[in-house]
Amino acid sequence: MKVIDAYILAATKRKTRRIRTGLVVVVSSLLFAILFFGAFVAKGVLDASSQVKDVGFNGRNLVSISATGGGASEDFKAETDKIHADMDAELRAKGVKVTDDTRQDASYTSEFARRMQAQSVQQASAAQQQLTDSVTHLGKPTAMYHFAPMSLAGDAVYQPSPQADPYADKLKQEQEAGGVAPHTDPSDQLGGFQFYNVEQAMLRTQLQPGQNGAWKPGEPYPLFISYAYLEKLSGRSFAKVDAAAHNKGYRDLMKQYAGKTLNYCYRNAVAQQQLQQVEIYNYKAAHDTDKATNPVDVPLCGGFDQALLKKIGVISDPDPNAPKPLFAAPASPAPHTQEIAFKIVGYVPSQSQYSGGDIVSRVVTDVNQLPGNSEMGIIPSEVVAQDSVLQPEPDSFYGQFYALFADFATRAEEKAFIAQGCTGNECGSPKNTKPYVMPFGSISFALEKIFHRASQFLFIGVVGIMAVAALLIMFTISKVIADSTKEIAVFRSLGARRRDIAEIYYLYGLMLAIAGLVLALVLAIIGAEVVTSMYATSISNSFVQTVGAYNTGMHVHLLGVRWLWIGGAIAALLISAFIGITIPIIASLRRKLITILREE
Amino acid sequence: MQNEKLPTQTIETILADNYQGDTAAFLRDLDMYVRTRKPMPVHKTSVPTGPVLIDLKNVTRTYKLNRKNTVTAVNNASLSVHEGEIVALTGPSGSGKSTLMHLIAGLDRPSAGDVVVDGRSIGHLHEGALATYRNQMVGIVFQFFYLQPFLKVNRNIEVPLMFARTKRKTRLPAIQKVVDAVSLGDRAAFLPKELSGGQMQRVAIARALVNKPKILLADEPTGNLDSKNSDAIMSLLQGIRETLGTTMIIVTHDPRVAAWADRVIRLEDGKVIA
């Protein structure tokens, strides 16, 4: 029979048992809609997590590498003994009698420390070189980044707002208490002198391809600042507002500060020390009203008049009458300051949450333990190399300490490289020679894993729903067609062949199935859109804050189409419809025509 | 009484067949009949002159009720129907008249014997050929019409043409012709539920005739109609026989209907007795 005729006969069936058939279609569509909704949202979430990964880490396949184990301290005693022996030999050569007391001499211990440090620097450099070599050998990074720490201190431009200034409060309290200065010890830096320095986490320069190309000498360095620092800059606090206002506040600030330039003052250790001394002197001068001492002007960025510092006693010439030390200390470098401009290009939630920040923060913490290095940031060595002024102190151990990052073209290469690193306890073993490799985007990796696992569970649920929906469709279509037994018999008595009957009822079943499918798709898309409109903003904000998505314009959309699932659902629908149609058709074709026709 | 073509039924058989032995009901009806009766019309019939079209040769049809019991619906029946003849099959319920009709219609196959229609043994046709036979050779009219409730009259009539894969162009004149033949020209765009019983049966007749079959088979065609409509339908069928020359076999237990036939064949217990 012609398809159009089959359609006419099939289409007329939709008018029979309209309510029941309609109900069946709606119910099974709802089940399929749940299925499709699940598929859409699951795919949307997966897309979002990968979006977060890309946005948060600029789509880079970046790992940080550090040396582990290697037995650096294995022969620690032998090393120290050797240094002691060398130093003792030098003294004996000069005719100094070496006793146990000799090693307690200040210049002796200082020299010992310097030699130990030099040795460590040497070892660190060797380890770093070994790392570089192994990275080149093991993987194929597209680029390598060496991060060299340097000390930065004395933010001369940024002045915190009064409410964010703990020292201002302290001063106020002191004044209210009758002008009694509680901190009489000028060396109590934490209590009496707080410098408003550059935020540690701010000075993490963007890891971007062509970062050196992006930065040109004389132009501001790209800079990421933390949300907390944004609050400081603006003099606002979002501590006591709800999450939505919190997020909105950050977004507004990000817009406000994007692209702004911040100026910082770089001081080398000597300059930094002098600044602290001057601040102590000024504090004393301000509180000691009896003496006619005048505070020294502190320039925004720049050195002090060395003669003035000598005059007020901040620095002094060495005493010519002092006894000659056993070991002469190396001459201090001249104080040096320089203004450096940074341009705000992005934001990090906080140092600890910033993926890959562990190494950075470890370095920062270590460096901060050194006197005079209370604050520091990290500048890529490429940048350092291009600006000789920013060359790390040559004799500084930490100046020689580089964090190494390798960048891979593909995730596969990155994963292969990570697999070659050490894992677990192995890393700490003295015999370990493998580098410790940490994916830069560890949070997004974790997210991705979680979503992958979640999608597996979801898939099981989806298969369950699919089976139920398929069975439902099968039975209902089956019932509808079983009700048509008499009709089939009439058609056959009018000369319909079995094939004609099959055509009519398969077409009818197909129409039901397609109606259900379309309804299900529409419901699922509407559902996914509704969920997106309800939750996308908060999800986006959460991602921005927890994962550290730099791109502040990111928005999650929870409508993702997973073609495999949809294809599976459609196949299940069609197969179940096919079975549901075939069984009753065969059943009614097997029955004797006249027994059917006689029933009434 | 001599005007009437009396059915070959005795009062006993009528009582048994139609009243299940309820004599009071029979007498009441008889009384009513005598009071109101008009002379039964004598229907002018043409003498069958054509060759034998349907030839049943010792046809037997048995059904298995269950493993042990079988029922013989048609028992060694032989019968010849000539082309253009109108034959009424009568008999009590369960006498096998419907089964006989279904055998001729190709809706059923004989257990033994042979049904030869137009020189072809249809008992041995395969399923597809049988479907074509039902579509082309016979038209079947049922007691309950079996129209498609949501198809309009002309669409209902078109259904056999659909199964015949008739070209669209030729369908319209064919439908028009049968619609005119059953005088339903003004009801072509109606749905079955908008028609009376008599009109529905006329639609069913038009549907049965649309493929120009040689044989029209009717299973209690007036069973659901009143006597006025019954006469109208039978008159219509006779008119169709005259214009189209269609051979007709009508299963009925109504003597008024049987009276329209050229020949009445009576079955009892599956056997042709007259």
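Since the model is a prediction, treat every value here as computed from it, not as a measurement.

Chemist: Would you mind going over the overall build of chain B in detail, with residue names and values included?
Modeler: Of the regular secondary structure elements, chain B holds nine helices and 10 strands. Across the 274 residues in chain B, those meeting the buried criterion constitute 51%. Long-range pairs, those at least 24 residues apart, make up 71% of the contacts in chain B between residues at least 6 apart in sequence. Accessible surface for chain B amounts to roughly 13100 Å². Of this, 53% is attributable to carbon and sulfur atoms.

Chemist: Kindly report on the pattern of salt bridges, identifying the contributing residues and their values.
Modeler: Overall, the coordinates contain 24 salt bridges over all chains when judged by the stated rule. Residue Arg114(A) pairs with Glu111(A) through a salt bridge whose shortest N-O separation is 2.9 Å. Of this pair, Arg114(A) and Glu111(A) both sit in helix H4 (residues 106-138), three residues apart, which is roughly one turn of the helix. By relative accessible area, which is 29% here, Arg114(A) ends up partly exposed. Residue classification places Glu111(A) among the buried positions, given a relative accessible area of 13%. A salt bridge links Arg155(B) to Glu158(B), with the nearest nitrogen and oxygen atoms 2.9 Å apart. Here Glu158(B) and Arg155(B) lie together in helix H5 (residues 153-163), a separation of three residues that amounts to about one turn.

Chemist: Give a description of the interface of chain B and chain A that names residues and reports values.
Modeler: Across the boundary between the two partners, chain B contributes 31 residues, which contact 29 residues of chain A. Buried surface at the junction of chain B and chain A, both sides included, amounts to about 2800 Å², of which 62% is carbon and sulfur. The largest share of the area that chain B buries against chain A comes from Tyr146(B), Phe150(B) and Phe163(B), three residues that together contribute 25% of it. The salt bridge involving Arg492(A) is made with Glu127(B); its shortest N-O contact spans 2.6 Å. Where chain B meets chain A, there are seven residue pairs in polar contact (both at pLDDT 80 or more). Elements supplying a minimum of two residues to the side of chain B that touches chain A: strand S1 (52-64), helix H3 (97-105), helix H4 (127-136), H5 and helix H6 (168-181) of chain B. With six residues, H5(B) is the single largest residue contributor to the side of chain B that touches chain A. In terms of residue class, the side of chain B that touches chain A is built from 13 nonpolar, seven polar and 11 charged.

Chemist: Now, about a positive patch on the surface: what can you tell me, with residues and values included?
Modeler: Where like charges cluster on the molecular surface, the positive patch consists of Arg14(A), Lys15(A), Arg18(A), Lys152(B) and Lys193(B). The topology assignment puts Lys193(B) in the loop between H6 and helix H7 (197-209). The exposure class of Lys193(B) is exposed, given its relative accessible area of 66%.

Chemist: How would you explain the side chain of Glu85(B) if you had to name every residue and give the values?
Modeler: All names here are of chain B. Looking at the secondary structure, you find Glu-85 in the loop between strand S2 (70-82) and strand S3 (86-90). By relative accessible area, Glu-85 is classed as buried at 3%. Engagement of the side chain of Glu-85 in a polar contact is seen with the side chain of Arg-263, the distance being 2.6 Å.

Chemist: Which residues make up the packing of H5(B) against H7(B), and what are the values?
Modeler: Between two packed helices, both the angle of their axes relative to each other and the distance between the axes serve to describe the pair. Residue and element names in this part refer to chain B. As a packed pair, H5 and H7 sit with axes 7 Å apart at the nearest point and diverge in direction by 35°. Seen along the crossing, H5 lies across H7 with a hand that is right-handed. Residues Val-153, Asn-156, Ile-157 and Pro-160 of H5 form the contact with H7, whose own contacting residues are Val-203, Ala-206 and Arg-207. Considered class by class, the residues forming the contact of H5 with H7 number five nonpolar, one polar and one charged.

Chemist: Give a detailed account of the confidence of the model for chain B, specifying residues and quantitative values.
Modeler: Confidence in the prediction of chain B, expressed as mean pLDDT, is 83, and 91% of residues score 70 or more. Taken together, the stretch residues 1-5 of chain B has pLDDT below 50 and engages in nine contacts with residues farther than four places along the chain or on a different chain.

Chemist: Describe in detail the confidence of the model for chain A, supporting the description with residues and values.
Modeler: All names here are of chain A. With 58% of its residues at a pLDDT of 70 or more, chain A shows a mean pLDDT of 67. For chain A, helix H6 (residues 189-192) is the element with the lowest average pLDDT, namely 28, and helix H3 (residues 76-93) is the one with the highest, namely 88. Across residues 147-167 the pLDDT falls below 50, and counting only partners more than four positions away or on other chains, this stretch makes 74 contacts in the model. A low-confidence stretch, residues 547-552 stays under pLDDT 50, and its non-local contacts, those more than four residues away or across chains, total 24 contacts.

Chemist: Which residues make up the side chain of Asp219(B), and what values go with them?
Modeler: Mapping Asp219(B) onto the fold places it in strand S7 (residues 215-219). Setting aside chain neighbours within four positions, we find Asp219(B) in contact with Ser98(B), Met101(B), His102(B), Val141(B), Phe142(B), Gln143(B) and Val251(B).

Chemist: Can you lay out the sheet that holds strand S5 (residues 120-121) of chain B for me, pointing to particular residues and giving the numbers?
Modeler: All names here are of chain B. Ordered in space as S2-S1-S4-S5, the four strands form an open sheet in which the pairing is antiparallel. Unpaired on one side and paired on the other, S2 and S5 mark the two borders of the sheet. The pairing of strand S4 (residues 112-117) with S5 spans two bridges and is classified as antiparallel. Across the sheet, the residue bridging to Val-117 is Arg-120, located in S5. Sheet strands touched by H3: S1, S2 and S4. Its angle to S1, the strand with the most contacts, is close to 120°.

What counts as what
Residues numbered from 1 in each chain as written. Chains lettered and ligands numbered in written order. Predicted model: local features only at pLDDT ≥ 70, side-chain atom pairs only at ≥ 80, totals over all residues. Heavy atoms only, no water. Helix = DSSP H or I, 4+ residues; strand = E, 2+ residues; numbered from the N terminus. Buried < 20%, exposed > 50% of the residue type's maximum accessible area, 1.4 Å probe, protein only. Contact = heavy atoms within 4.5 Å. Areas by Shrake-Rupley, 256 points an atom, 1.4 Å probe, with all protein chains shown as cover. Salt bridge = Lys/Arg side-chain N within 4 Å of Asp/Glu carboxyl O. Buried area = accessible area lost by both parts, 1.4 Å probe. Polar contact = N/O pair within 3.5 Å; in protein donor to acceptor, adjacent residues only side chain to side chain. Nonpolar A, V, L, I, M, F, W, Y, C, P; charged D, E, K, R; others polar. Patch = residues over 30% accessible without salt bridge, like charges linked within 9 Å, V, L, I, M, F, W, Y side chains within 5 Å. Lys, Arg positive; Asp, Glu negative; His and termini not counted. Charge placed at Lys NZ, Arg CZ, Asp CG, Glu CD. Axes fitted to C-alpha atoms, helices over the stretch in contact; angles between N-to-C directions. Left-handed = near helix turned anticlockwise from the far one by under 90°. pLDDT = per-residue confidence, 0-100. Pairing = 2+ DSSP bridges.

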